[in-house]
Amino acid sequence: MEKIVAHVQKVYAASVGLEFTYINDFAKLEWLQKEMETTMNKPLAVEQKKRILQKLNQGVMFEKFLHTKYIGQKRFSLEGGETTIAALDAIINTAADNAVQEVVIGMAHRGRLNVLANILGKTYEQIFSEFEGSAIPDTTMGSGDVKYHPGFRAQVQTPGGKDVNLQLTPNPSHLEVVDPVVVGFARSKADVIYGSDYDKILPILIHGDAAIAGQGVVYEVAQMSKLKGYYTGGTIHYVINNQIGFTTDFEDARSSDYCTSVAAIVQAPVFHVNGDDAEAVVKVAEIATRYRQEFNSDIYIDMVCYRRHGHNEGDDPKFTQPKLYEAIDKHANPREVYSKQLIANGDMDAAMATELEKAFWSELQERLDEVKQHPLPYSRQKPEQAWLELRKSNPDDFHKSPDTAISQEQFDKVFKAIMAIPEGFKPLKKVEKLLGDKQKLFEEQQLLDWASGELMAYGSLLNEGHDVRLSGQDVKRGTFSHRHAVLRSEENDQSTAVSVKSTTNKASSAFITPCSASSL
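Predicted, not measured: the structure shown is a model, and the values here were computed from it. (Residues numbered from 1 in each chain as written. Predicted model: local features only at pLDDT ≥ 70, side-chain atom pairs only at ≥ 80, totals over all residues. Heavy atoms only, no water.)

**Brief notes about the sheet that holds strand β1 (residues 16-19)**
Then, number 1: The sheet built from eight strands is open, its strands ordered β1-β9-β10-β6-β5-β2-β4-β3 with mixed pairing. Two strands lie at the open edges of the sheet, namely β1 and β3 (152-157), each paired on one side alone. The mean inter-strand angle of the sheet, taken between neighbouring strand axes irrespective of direction, is 20°. (Pairing = 2+ DSSP bridges. Helix = DSSP H or I, 4+ residues; strand = E, 2+ residues; numbered from the N terminus. Axes fitted to C-alpha atoms, helices over the stretch in contact; angles between N-to-C directions.)

Shown next as structure tokens:
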């Protein structure tokens, strides 16, 4: 009995806590329990331990280097939460081994430069030039903003030899406002590039503990995550929980037990993990990624850590948290903690740890001196290429309207399709009369009302092989009952959507998804 209790305490009450008892899907519960009781106790291979140390080394030394070279400049460092770099690396590598070809990431400003450099491979020279003020901004990924807000794209190769497209979306200072942008990117790319195979693309949202608990957009995104029109196959939510929001202690920041309590509304499991235990964080990251791929559902990682400096590097945190920052000042960084653990376990010696630190510092200095600059290659995707091929308008473009007409044959085909009532389907009498009046108007006077013209536009696009997506309040019938793109049976409440078979080989589809007024 004592051995059983000791085993359970080691698994569930050490560096990791798992919230999952509110989940009513037994398969998910069983899967999570099995992973916790096997993966968490399984020792890592020496090569993986070296990989973790390498990522910690990059995360910690990058911040130290910037703090030394650019004293007083704001960068909203990741210091205290550098294990995030090892965790993101593990998520991407595990995802690539489980069919993911692309990752879309959204995050606020804290730690963004570190993620850009050590996850997406943005060159240190590019980042340093932004500090020097000599950079030419890439306005395609956000413009007119500070260096810790723009986005970046990259193509990386994992240790397993898999190529992964990475994108960090631009984000202003409004923290969680990027969340719907990221899931929107993931959904549209899944549909356009990957044939709606959600296993191929993974959205990751990196939150702060105060922001995820305090901003309404977080709830809205979670609440809509399982709806047909907004589904992405699951998002990994990673919280860098430094236990403080600006200057506010967490006791004054929320009423819930945890900053991640919003996860319960969609029955998403939450891992709470000690950020100083790098191996536990990496194992949790791997489990979370496999869970997302297995069940195509959201999952949350709450990494409890700390913030080394104040809100920014020029802010004194002791104004509001003197005792906390007295303790933080004396606390070793995650790289030092893990190095000592590896040395104590005999996985490496102190000389090797010191040598790794010196080598990376020298590399940073060389890159600052514009040596060894090798930006990662990046191949633009079809949607990106299409946007680049667009040009700005000029005065000559307004001398005449572009030709957007369709042929009489195409018109007849689309009009017949949108006015047809399927055999055996009995619509509401009012709607049946409305469709009859539209047909009569066209047959007798060759006229269309505005609502019919709108549906004809959508139908002609579908006919040409393009996808059409309508989303918002009352989109199926139209706010003033004008559209009726979807008909309802008065007998059994079944619905039927207007469909037009494409004349191209491309399978086109219409997404008509209603949502509540509060989500507009």
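**Side note on the environment of Asp276**
Then, number 1: Topologically, Asp276 is positioned in the loop between β9 (270-274) and α10 (278-295).
Then, number 2: It is 8.0 Å that separates the C-alpha atoms of Asp276 and Asn333, two residues lying 57 residues apart in sequence.

**What about unusual backbone geometry?**
Then, number 1: Backbone geometry places Gln243, a non-glycine residue, at a positive phi of 65°.
Then, number 2: In this structure, Gln243 sits in the loop between β6 (236-241) and β7 (244-245).
Then, number 3: We classify Gln243 as partly exposed; its relative accessible area is 32%.
Then, number 4: Phi is positive for Asp493, which is not a glycine, with a value near 70°.
Then, number 5: The topology assignment puts Asp493 in the loop between β12 (486-488) and β13 (495-497). (Buried < 20%, exposed > 50% of the residue type's maximum accessible area, 1.4 Å probe, protein only.)

**Some remarks on the side chain of Lys283**
Then, number 1: Along the chain, Lys283 turns up in helix α10.
Then, number 2: Of the side chains with opposite charge, Glu279 comes closest to the buried, unpaired Lys283, at an N-O distance of 4.9 Å.
Then, number 3: At 2.7 Å, the side chain of Lys283 forms a polar contact with the backbone oxygen of Lys42.
Then, number 4: Other than its neighbours up to four places away in sequence, Lys283 contacts Thr39, Met40, Asn41, Lys42 and Leu44. (Lys, Arg positive; Asp, Glu negative; His and termini not counted. Salt bridge = Lys/Arg side-chain N within 4 Å of Asp/Glu carboxyl O. Polar contact = N/O pair within 3.5 Å; in protein donor to acceptor, adjacent residues only side chain to side chain. Contact = heavy atoms within 4.5 Å.)

**Digging into the environment of Leu324**
Then, number 1: Mapped onto the fold, Leu324 is located in helix α11 (residues 322-330).
Then, number 2: Expressed as a C-alpha distance, the spacing of Leu324 and Tyr306, which sit 18 residues apart in the sequence, is 9.6 Å.

**Focus: the confidence of the model for the chain**
Then, number 1: Averaged over all residues, the pLDDT of the chain equals 85, while 88% of them reach at least 70.
Then, number 2: Ranking the elements of the chain by mean pLDDT puts strand β14 (residues 510-514) last, at 58, and strand β10 (residues 299-304) first, at 98.
Then, number 3: This model gives residues 134-145 a pLDDT under 50, and the stretch forms 13 contacts once residues within four places in sequence are excluded.
Then, number 4: This model gives residues 515-520 a pLDDT under 50, and the stretch forms ten contacts once residues within four places in sequence are excluded. (pLDDT = per-residue confidence, 0-100.)

**Side note on the packing of helix α3 (residues 46-69) against helix α4 (residues 83-96)**
Then, number 1: One way to put it is that α3 packs onto α4 with a least axis distance of 7 Å and a crossing angle of 130°. Between α3 and α4, the crossing angle belongs to the class labelled oblique. Pair α3 / α4 crosses with right-handed handedness. For the pair α3 and α4, the contacting residues are Arg51, Ile52, Lys55, Leu56 and Gly59 in the first and Thr83, Ile85, Ala86, Asp89 and Asn93 in the second. (Parallel < 35°, antiparallel > 145°, perpendicular 65-115°, else oblique. Left-handed = near helix turned anticlockwise from the far one by under 90°.)

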